[in-house]
Structures are given as structure tokens and as C-alpha cells.
Amino acid sequence: MLKVYDTHITVLPVLKEQILYCQDRDPTERDSKFLTNIVEFGIGFMNITQIRDGSFASLANLTTLSLSSNQLKNLNKETFYGLGNLKTLDLFKNGLVDIDSNLFAYTKSLESINLSTNQLRTFDLAKFKSLEKLTTLNLSTNQIETITNRSTTDDADGYEDGYIWLKSLTTLNLSDNKLNYLNENTFISMPSLKHLVLHNNDIELIDKCFIDNRSTFTNLEGLNLQYNKIKRIETEAFKNLTSLVSLNLQNNQLTNVDGSFGYLSNLKTLQLKSNFMRQLTCESFKELRKLERLDLMTNQLDRLDSNVFESMASLENLSLSFNKINRLERDCFKGLSKLKNLSISNNYIEDLGDGTLFDSMVSLTDLNFGVNMIKKINRETMGKNLKLLTSLNFGTNNIEFVEDKAFCYLKKLKSLNLEANKLRRLSHKIFEGLEELEKIYMARNYVDQLDEFMFMNLNGLTYLGLSNNLIHELNTRTFNCLFNLKQLNLSSNQLTELPNGIFDSLGELVYLYLTSNELKNTLTKETFSGLKSLKFLFLNSNQLESLEEDLFIHIPNLEHLRLATNKLRTICIDAYKNSEKLRHLDLTNNQIETIDDDPTKYVKLVQLNVLSLQNNHIRRVNSDIFRCLLSLNQLNLSTNQLEDLDEHFFPSFNFVYHQRLTGNRFKTLRNMGLARTETDLILNPQNNNNNNNNNQNGRAAESLLTLSFNNNQLTKLMPYQFYRMNTLTEIDLSQNR
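Bear in mind that the values here come from a model prediction, so they are computed numbers and not experimental data.

1. Observations concerning the overall build of the protein chain
Okay, step 1: Looking only at helices and strands, the protein chain features four helices and 39 strands.
Okay, step 2: Residues counted as buried form 49% of the 737 residues belonging to the protein chain.
Okay, step 3: Relative to all contacts within the protein chain whose residues are 6 or more apart in sequence, the contacts with residues 24 or more apart total 60%.
Okay, step 4: Total accessible area on the protein chain is roughly 31,900 Å²; 43% of this is exposed by carbon and sulfur atoms.

2. Remarks on the side chain of Asn248
Okay, step 1: Within the fold, Asn248 resides in strand β16 (residues 246-248).
Okay, step 2: A polar side-chain atom of Asn248 sits 3.1 Å from the main-chain amide nitrogen of Gln250.
Okay, step 3: Setting aside anything within four residues of it in sequence, one finds Asn248 in contact with Leu223, Asn224, Leu225, Gln226 and Gln271.

3. Describing the environment of Asn266
Okay, step 1: In this structure, Asn266 sits in the loop between β16 and β17 (269-271).
Okay, step 2: Sequence spacing of Asn266 and Leu288 is 22 residues, and the spatial spacing of their C-alpha atoms is 7.5 Å.
Okay, step 3: Apart from the residues within four sequence positions on either side, Asn266 is in contact with Thr242, Ser243, Leu244, Val245 and Lys290.
Okay, step 4: Within the local environment of Asn266, its side chain forms a polar contact with the side chain of Lys290, the two groups lying 2.9 Å apart.

4. Considerations on the packing of aromatic side chains
Okay, step 1: A full pass over the atoms with the stated rule returns 18 aromatic pairs.
Okay, step 2: Here Phe123 and Phe128 contribute two aromatic rings whose centre-to-centre distance is 5.8 Å and whose plane-to-plane angle is 75°, an arrangement assigned as edge-to-face. Of the two residues examined, Phe123 and Phe128, each falls in the buried class.
Okay, step 3: A centroid spacing of 4.6 Å and a plane angle of 10° characterise the contact between Tyr513 and Phe538, whose relative ring orientation is stacked. Of this pair, Tyr513 sits in strand β31 (residues 511-513) while Phe538 sits in strand β32 (residues 536-538); the two residues are 25 residues apart in sequence, bridging distant segments of the chain.
Okay, step 4: Aromatic rings pair up to connect Phe503, Phe528, Phe552 and Tyr576 into one cluster.
Okay, step 5: The lysine or arginine in question, Arg424, covers the ring of Tyr446, its NZ or CZ lying 4.9 Å from the ring centre.

5. A few points about the pattern of salt bridges
Okay, step 1: One pass over the structure, following the stated rule, counts 19 salt bridges.
Okay, step 2: One salt bridge in this structure joins Glu452 and Arg477, with 2.5 Å as the shortest N-O distance. With Glu452 in the loop between β28 (439-441) and β29 (463-465) and Arg477 in the loop between β29 and β30 (487-489), this pair connects stretches of sequence that are 25 residues apart.
Okay, step 3: Here Arg477 falls in the partly exposed class, since its relative accessible area comes to 43%.

6. Side note on unusual backbone geometry
Okay, step 1: The phi dihedral of Thr396 is positive, around 60°, even though this residue is not glycine.
Okay, step 2: Inspection of the secondary structure puts Thr396 in the loop between β25 (391-393) and β26 (401-402).
Okay, step 3: Of note, Thr565 is a non-glycine position whose phi angle comes to about 55°, a positive value.
Okay, step 4: Mapped onto the elements of the fold, Thr565 is located in the loop between β33 (560-562) and α3 (573-576).

7. Brief notes about the nonpolar core
Okay, step 1: In terms of nonpolar packing, the biggest core is built from 191 residues, with Phe309 and Tyr576 touching the most fellow members.
Okay, step 2: Looking at this core, the elements that each hand over two or more residues are β2 (38-42) and α3.
Okay, step 3: Residue contributions to this core peak at three residues, all from α3.
Okay, step 4: Residues within four places of Phe309 in sequence aside, it is in contact with Leu280, Phe285, Leu294, Leu296, Leu304, Leu318, Leu320, Cys332, Phe333, Lys334 and Leu336.

8. Looking at a negative patch on the surface
Okay, step 1: Taken together, the side chains of Glu310, Asp331, Glu350, Asp351, Asp354, Asp359 and Glu380 make up a negatively charged region of the molecular surface.
Okay, step 2: Position of Glu350 relative to the elements: it lies in the loop between β22 (341-343) and β23 (366-368).

9. Quick word on the pairing of β2
Okay, step 1: Extensive coverage of β2 is indicated by the burial of four of its five residues.
Okay, step 2: Relative to strand β3 (residues 64-66), β2 runs parallel, the two sharing three bridges. For Glu40, the partnering residue across the bridge sits in β3 and is Thr64.

10. Re the environment of Ser343
Okay, step 1: Locating Ser343 in the fold gives a position in strand β22.
Okay, step 2: Accessibility expressed as a relative area gives 18% for Ser343, which makes it buried.
Okay, step 3: Note: C-alpha distance between Ser343 and Phe369 (26 residues apart in sequence) is 6.6 Å.
Okay, step 4: The residues contacting Ser343, other than those within four sequence positions of it, are Leu318, Ser319, Leu320, Ser321 and Asn368.
Okay, step 5: One polar contact links Ser343 to Ser321, side chain to side chain, over a distance of 2.7 Å.

11. Looking at the side chain of Asn173
Okay, step 1: Within the element layout of this structure, Asn173 appears in strand β11 (residues 171-173).
Okay, step 2: Classification of Asn173 by relative accessible area gives buried; the value is 18%.
Okay, step 3: A distance of 2.7 Å separates a polar atom in the side chain of Asn173 from a polar atom in the side chain of Ser175.

12. Concerning the environment of Ile233
Okay, step 1: Tracing the sequence through the fold places Ile233 in strand β15 (residues 232-233).
Okay, step 2: A residue is classified by how much of its surface remains accessible, and Ile233, at 7% relative accessible area, is buried.
Okay, step 3: A C-alpha to C-alpha distance of 6.0 Å links Ile233 and Ser260, two positions 27 residues apart in sequence.
Okay, step 4: Setting aside residues up to four positions removed in sequence, Ile233 forms contacts with Ile206, Phe238, Leu249, Leu254, Ser260 and Phe261.

13. Remarks on the confidence of the model for the protein chain
Okay, step 1: When pLDDT is averaged across the protein chain, the result is 85; 83% of the residues are at 70 or more.
Okay, step 2: Low confidence marks residues 18-25, where pLDDT is under 50. Its contacts with residues over four positions away, or in another chain, come to 26 contacts.
Okay, step 3: Across residues 154-159 the pLDDT falls below 50, and counting only partners more than four positions away or on other chains, this stretch makes twelve contacts in the model.

Thresholds applied
- Residues numbered from 1 in each chain as written.
- Predicted model: local features only at pLDDT ≥ 70, side-chain atom pairs only at ≥ 80, totals over all residues.
- Heavy atoms only, no water.
- Helix = DSSP H or I, 4+ residues; strand = E, 2+ residues; numbered from the N terminus.
- Buried < 20%, exposed > 50% of the residue type's maximum accessible area, 1.4 Å probe, protein only.
- Contact = heavy atoms within 4.5 Å.
- Areas by Shrake-Rupley, 256 points an atom, 1.4 Å probe, with all protein chains shown as cover.
- Polar contact = N/O pair within 3.5 Å; in protein donor to acceptor, adjacent residues only side chain to side chain.
- Phe/Tyr/Trp six-rings, centres within 6.5 Å; stacked < 30°, edge-to-face > 60°.
- Lys NZ or Arg CZ within 6 Å of the ring centre and 35° of its normal.
- Salt bridge = Lys/Arg side-chain N within 4 Å of Asp/Glu carboxyl O.
- Core = buried A, V, L, I, M, F, W, Y, C linked by side-chain atoms within 4.5 Å.
- Patch = residues over 30% accessible without salt bridge, like charges linked within 9 Å, V, L, I, M, F, W, Y side chains within 5 Å.
- Lys, Arg positive; Asp, Glu negative; His and termini not counted.
- Charge placed at Lys NZ, Arg CZ, Asp CG, Glu CD.
- Pairing = 2+ DSSP bridges.
- pLDDT = per-residue confidence, 0-100.

Here is the structure:
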């Protein structure tokens, strides 16, 4: 069997001439054999405006036909003549305004129809009456304002008690239309319907449209009404939806839902996000005993009364974020014994009481109180029943005080977020009892000192975030027990020095952030002892003026070293000349004037890929120093004071893919000697007199992709300077003279 789509129509001359050009031509015997083997056929995106009657008659075994993204406006009964086996029809994104009443007369085997993104204004079930096998109908993104399901003729075929019945239909999508009212008989004739999508219409009221004497909709499992204008739901509107599992009412205008869901005994998911509800009562969710997920985000709730969720014994996920809650009654979460995730962030809560608030939540694993106005956490605050809690978020509050052992009953806690609060001094017992803790987030506080025993017994900790505090000194024993720590962030503090051996216990550390402190020339090789696994070291934005020889000798796996925005006057090659695995070295924005000329000091940097020296005061560069940098592919010397480069400078590189020399003082390119830069900067290969290099120069020129010499003082270019640059795609010479 064959599947033919889009441009493959060129191998089907009969279809091409009939469909595209509306010409008559009978298929040959060879054509017929070929056509009958086609089971899927598509000709989308071809601007087809009309299809000749009987064009598909030769496709007797066709089961799938796609005519999407064309400009069809009218189709009639004969369009699909001969497609008795067709099961799937896609008419997405055409210009259909109406459907012929007999359009599907020859396609009674259809199971799925996509009429999305057309210009239909009415959904008339009479036009689908012959499709007894139809299970999926997509009418989304049209202009439908009304739905008609009553007989208007004396023809009894397809009708029962005056209604048109689509007995096999299980999925109906009417989203993104203009429906504003659903009367009590709108969907009376769809007894098998399981999924109904009505989002983004203009519906304002849900009345008894789902009720009828035949108990229609008893099989409905999913109902999507989001993005409408629903202000009220009548008490018995959902009476017969006894099989409903998911109900989405988010982004409407509901203010009260008391009594609305009393009959939905099998409901598991209820979305009420982004409405205008101000208060919940015991009647709001009564009888929802099987509900597992409730989303009340972004409403106008200002408090939670006692027992409001008491009947929801199966609830596992509850979101109350982005409301205006400022008070929690002590029994407001009573009955939620199976709750696993509670998010109540972005509210106005100041006090959590004496711990009874969480008494019922014995299954809770994730608790989010971020972005509130909580001022303190006492030992009683968390209670004693949150024994399964693994994640606790108190970030972005006003917490000034955390009592000793405040979290001691949270034996399973793995993540604790205290970021963006007002913490200053922390007791050494603050984390006592949290032996399974893996992540601590304490950035953006006012902590100025760390107790040397604060992290004792936190052997499983892998992340410690302490950036943006006021820490000015560290004790040698502060991190002694953090044997499994992977990331330590001390950026944006007030550290002026680091005691020797402070990282001795951090043998598993991979990332160390010391950015934006006040570190000066006090670092020694013993400062970084013990960091055998460290790969990323950030020392940028400090006050470093020089670096000790072999400063990083105890970091054998160092790959990325950031020293930007310091006060270094030389490249300090002696500090990392033995860092054999170094791949990225950033010395941007320092005061470097000279680069060490001794090539032997660069011998071990065989894996260095990126060298950033931009925004310094470099006046001269000796080409010999880079001969050992066999892996270098990015070199940035922009914004320095370079006026000239010797003719052997660029031939010293093997594979420099990206090189920037912008913002210097070059006046001419005549003597640049640009030769072996593989893909980014090659100028004047003729200046190289070494015959052995000439072939390489040519090869390099042929690989060049981008060339950037902007913001210099160039006044003239010569054609030979771009000799053999056949692959060059971009030249930037802007802001010259």
C-alpha cells in the first residue's frame, strides 16, 4: 500500500490534471493499478480553490485524505464520489463557509473529520446524519454561533424523536468559535460522547443544558469550558455527568461555585484557575470525594475557612497560589490526608500558627509558601506530622528569625528554600535533624556570618546557595562535613580572603562560585586544596591584581576559569600553566598590558578552546606564545590597544574558529600575515614566505566563515586580502574610517 503526500502528486498525472487543472483524462490500466494501491493521500499547501467532481474515484482503497491548507470554499456530494472506504478526512484551514447537505453521502465509513480553521457559521448535525461510524469531529476555530440538531424535513433517515443522532461520536471539538448559549437540547443526540471541548467561546451561563430524560452525557469523561465568560453555574447543570473525570473552567468569570459540583461523584481533576472567586465554603466542593487535583490559582480568595476541603479525602494536588489569602483557619486543611502537593505561594500570609495547620497532611511531599509575608518560623510552625515532606519553599518572604531545630521533624526533607528573606544570624542548630537534606537555597538574605557547625551532619548535601548575602569571613571548618557537595555559590558577598584548607572536605565539588566579592592577593595554592573534582571556578568581579604561581595546582580537573573584571596586569600564565584540562579561560575586562612571551609556559594547555582577553590594555602580542595551543578555536582580543601584528601571528594557530579583533587601533591590514585561522579570520596569505605554510594558508582561507574588524581605524582594503576566501559568509568592517 502507498502513502502519497504533497509534491508526490507529480507522479500521478491523472490526479494532477483533474485536481489541479480540472482537465478530463481517463486513467490508463497502469495508472489504475497504481491508484488503487494508495491508502493515504494528501495535497496540502497547494492553493487549490476547487476540486472537480469524481477526482478521487480511482482511489477505491483510500482510507486517509488530507486537503488541508488550501483555498477550498465549496465542496459538493460528488467531490468524494468513490471513497467508500475513507476513514479520515482532513479539511483543516480552507475557506469553507458552509457544508453541502449531502457532502458525505459517499463516505459513510468516515470515523474522523477535521474542519478546523474554516469560516463555518453553523454546526448543523443534519449534514453529518449519514456518518454512523463517526467518532471524532473537529470544528474548532470557525465562526460557529449556533448548533442545530432538529429535523427540518419529513425524511426520517438519521432522526429519532425529531433529533439527529450521532450515536458513535466520542470526541467533539468546538473550541475557538462564537457560541454564547447552550440550550437544554444542544447535545441531546450524542449519547457516546466522552470528550467535549468548548474553550474560548462566549458562553456566559451553564444551565440545565446537560439534562434530558434519556440521561445524555452519562459517558462524558472530559469537559473543557476554559476561556469563556461564564459567570454562573446552575445547581443541577452537571447532574447527569456521572462519568465526568476532568472539568476545566479556568479563565472565566465565576464568583461562586457553591453547589455546582454536587453530582460529579467521579470527578478527579477540577480547574478553576483565573476566575473571580472571593470565598470558599463547605458547600463549594461537597461530594467531590474522588477529586485528586484542584487548581484555584489566580482568584480573589482572601481567606480559607475551617473544613472547606474536609470532604475531599482523595485530593493529592492543591494550588492556591496568586490569590489574596492573608488568613488560614487552623482547620482549613482538615481531611486532606492524601494531599501530596500544596502550593499557596504569592499570597499575603504572615503567620502559620502553632503547627496544627498541617496536622491532617500526613502524605504531603511538596509544600510551597514562597512569596508571602511570613516573618518567623518557630519550632512549632511545621508541626510533627509532615514526616514525608521532601520539598519546602519559604523563598521571598519577610522571615527574620528561624528557631533552633525548626525543621527537626522533617526527616525526609531534601530541598529547603529560604531565599530572599531577611535572615541575618543563623544558629548552628537551624538544620539539625535534616540528615537527608540535599539542597539549601539561602541567597539574597542579610547573613554576615556562618557558624562553623551549621552544616554538621548534612553529609548528603549537593547544593548550597549563599549568594547575595553579607558574608565577610569564613571559618576553616564551615564546610567540613559536606563530603558530597557538588555546587557551592558564595557570589556577591563581602569576602576579602579565603582561609587555607577551607575546601579540604569538598572532594566532590564541581562548581565553585566566588564572583563579585572583594578577594585580593591573598589566595594561595592551599586555598583550593582538596578540590580534586572541581571543573568550574568563578573568580570574576573581585579585586585580584596578581595570581600566585601554580595557584590552581590542587584543582587537577579544572576546565572553566573565569577571572574577568579584576585588576590583573599580566596574563598570569604561571598560575594555571599546569592546568592540563583547562578549556575555557576568561580574562576579560582587566588591566592586562603584556602577555608572557615564554612559549614553554603554554605547553600543557593543550585542551584550551577559548581564550578571552577583550577589554584590556594589550599593545603587543608575540605569535610564538600560541604555538602550543593546539585546541584553541576561539580567541578574543577585541577592545585592546593593538596597532599591528607580526606576520607569523595567525599562522601560529591550528584551528581558530572564532577570532575578534574589533575595537583596536589597526590602521591597515597590509602586514597582518593572517594565515591558518580555520574559519574566522584570514588576511593576506601572500605575506607568509614559508612554502610549507602556503598550502595551509590556502586551506584556511577556503574555510573562513566570518570576518570581523569593526571599530578600528581602517581606511583601505585590497582585493588580495580576501584571496581564496570562498566560504566567507559575513564581513564586518563597520565603524572604521
